[in-house]
Amino acid sequence: MAGADTMDVLGVTLRVAAGSTALLALPALALGWLLARREFAGKSVLETLVALPLVLPPTAIGYLLLELFARRGPLGSERLGFDPGVLFTARGATLASALVSLPLAVRTARVAFEGVDPRLERMGQSLGLSTRAVFTRITLPLARRGLLAALLLGFSRALGEFGATVIVAGNIPGRTQTLALAIFSDIQLGDTRGALRLVGLCVVFAFASVFVVERLLRRAESRS
Amino acid sequence: MSARRFALRLRAPLAGFELDVTLESSARHLGLFGPSGAGKTTLLELVAGWRTPREGRIELDGELLFDSARGVSLPVRARGLGYVPQEGLLFPHLDVCANLAAGLGRARSRLGDPRALFERVCAVLELGALLERFPATLSGGERQRVALGRALCSGPDALLLDEPLAGLDLALRRRILPYLVRTAEEFVLPMLYVSHDPRELAILCDEVVRLERGRVTAQGPPADVFAAVWRAEALEGAPENVLRGTVSASSADVAQVALTPAIELSVSAAGLAPGARVVLGIAADEILVATARPVGLSARNVLAARVLALDGSRPGVVLRAVLEPDGPSLDVLLTRASTEALGLAPGGALFLVLKSNSVRVLSVLGG
């Protein structure tokens, strides 16, 4: 029985983390590029806003989401006319994880873009390439490793998300119960062996992803 | 009168002073030299559009690229220029072939099928063997050739070259220089060439401009400007004459080089193939002057010439003489005493005497 539970927890965790990474990928790359390459009014405000989830208690973020999607909230079913299906669902866990993971991914993506020599981009323009071609043929491939690391860091952060998820999505076994939540439940229930097994899994995941991120970033650095 | 190729009027802030350049030239190959920090690279970047001048106007070969008064500023990608910055800036993630092809899109829209251009660039710069290599594995000289080739492959209207030979050792410079000369001859493009090497500029450029602290302080044919600089700055040594010629015959250690069909120089050099085009350097203080044709000399070269001008503003006298008939001119460094003793004056006939050892082969351009 415990084995099947573990598989459930693992499945939910990976689905939520993967979904959260997919959700934050585009915004993280876009924000990272914007902060690395453009000067605009309000840039430091945007920088701060993006970093906010890093310092706010995750429970606070979870509570904000809860209010936002509550039945009578600004994005609630009464206002929208349909149920967005966020509260107490895997979708909610995904959204919460994405929001909490965003700052890490944006920071890493920004550093990756900043590592691309802007003179190489200008050279692309001098050769007649359009802005888009410069981005897809020069900037993106040169920043590739750093961007991959950004997504992987976002994924890793989502794997361990607890505070925001528990408030928005609850702790429903088989639906929203991720590793972090299952460990909490096991400890509450006094199942130390179950908790230890899950902690072991967490360590394996965390080690693997941080190891790969470090390698990616090191190679990205040696190249520029 | 030939077309006005370069017309620049630029003001832009530089570290500590202001770039303030007004420059017009009808030269096809215009050289830019001056001390480091004078604003040469900045000038190229302004023309390329990598920087924006505070005010001014940039016209190249009749095309207006920038005019602050009329609010014209072509975006970088629309300027149609082949810019080769000092560091080459090859794309590190692309192999040589993909680097060369990066600007082919523009070449295609301008020329139709750019394949012929690509092949020609590869042939002229001998890039065929490098196509699959990555920039990190190239030597300094190879990198510069690829950077130049990439600029040419984009089908530019003009070339902007920033010290393409800087950072290369002397032997390598001598090997790369012919590629530049060939490029200048094969692809008939206006060229703005930055260098601090008078020889390079004398070989490549029709006209040179001296830039100091952001201003043009001299402009004219290379020999004139360099002679003036040499006088004004009390430089060591003597000005060097740079001449071009074609090898007409060669033996084990001596080659005959025709400067014109009627004027030949004997040069001590081994292994020059007849038909090869060469660039020769002759220091101004290694030329002797005689008012009558000397006989019984070991020196192999006795050339008829006429005095064009004498300049005695430095301790020595620089005599500018033109080889007869219809040859190039040479600067000769003499002492004031011998100038007076020989009674040299503009218009007077004289003979220039040169040992074949004094003529250095600066560059072999190929047949």
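Keep in mind it's a predicted model, so treat the numbers as computed, not measured. (Residues numbered from 1 in each chain as written. Chains lettered and ligands numbered in written order. Predicted model: local features only at pLDDT ≥ 70, side-chain atom pairs only at ≥ 80, totals over all residues. Heavy atoms only, no water.)

Enquirer: Would you mind showing me how to read helix α3 (residues 104-111) of chain B here?
Expert: One turn of an α-helix holds 3.6 residues; hence residues three or four places apart share an orientation. All of the buried residues in α3 of chain B are L104, R106 and A107 of chain B. When α3 of chain B is viewed along its axis, its buried side chains cluster within an angular range of 155 degrees and face the same direction. At its buried positions, α3 of chain B is contacted by α6 (118-126) of chain A together with β7 (81-84), α2 (96-101), α4 (115-124) and α5 (140-153) of chain B. Remark: G112 of chain B follows α3 of chain B within two positions and exhibits a positive phi of approximately 80 degrees. (Buried < 20%, exposed > 50% of the residue type's maximum accessible area, 1.4 Å probe, protein only. Helix = DSSP H or I, 4+ residues; strand = E, 2+ residues; numbered from the N terminus. Arc of directions from axis to C-beta. Contact = heavy atoms within 4.5 Å.)

Enquirer: Explain the domain arrangement of chain B here, please?
Expert: By a frequent convention, interface size equals the accessible area lost on bringing the separate parts together. Residue and element names in this part refer to chain B. Segmenting chain B into domains produces domain 1 (6-233) and domain 2 (240-366). The centre of domain 1, based on its C-alpha atoms, is set 32 Å off from the matching centre of domain 2. At the junction of the two partners, domain 1 supplies 14 residues and domain 2 supplies 18 residues. Summing both partners gives a buried area of about 1500 Å² for domain 1 against domain 2, and 51% of it is carried by carbon and sulfur. Where domain 1 touches domain 2, the interface holds four salt bridges. Residue E240 pairs with R199 through a salt bridge whose shortest N-O separation is 2.5 Å. At the boundary of domain 1 with domain 2, the tally comes to five residue pairs in polar contact (both at pLDDT 80 or more). Counting residues per element, the ones that place at least two in the side of domain 1 that touches domain 2 are α6 (170-186), α7 (198-204) and α8 (222-233). No other element matches α6, which puts six residues into the side of domain 1 that touches domain 2. Looking at the side of domain 1 that touches domain 2, its residues break down into eight nonpolar, no polar and six charged. (Domains from an automatic or database assignment. Buried area = accessible area lost by both parts, 1.4 Å probe. Salt bridge = Lys/Arg side-chain N within 4 Å of Asp/Glu carboxyl O. Polar contact = N/O pair within 3.5 Å; in protein donor to acceptor, adjacent residues only side chain to side chain. Nonpolar A, V, L, I, M, F, W, Y, C, P; charged D, E, K, R; others polar.)

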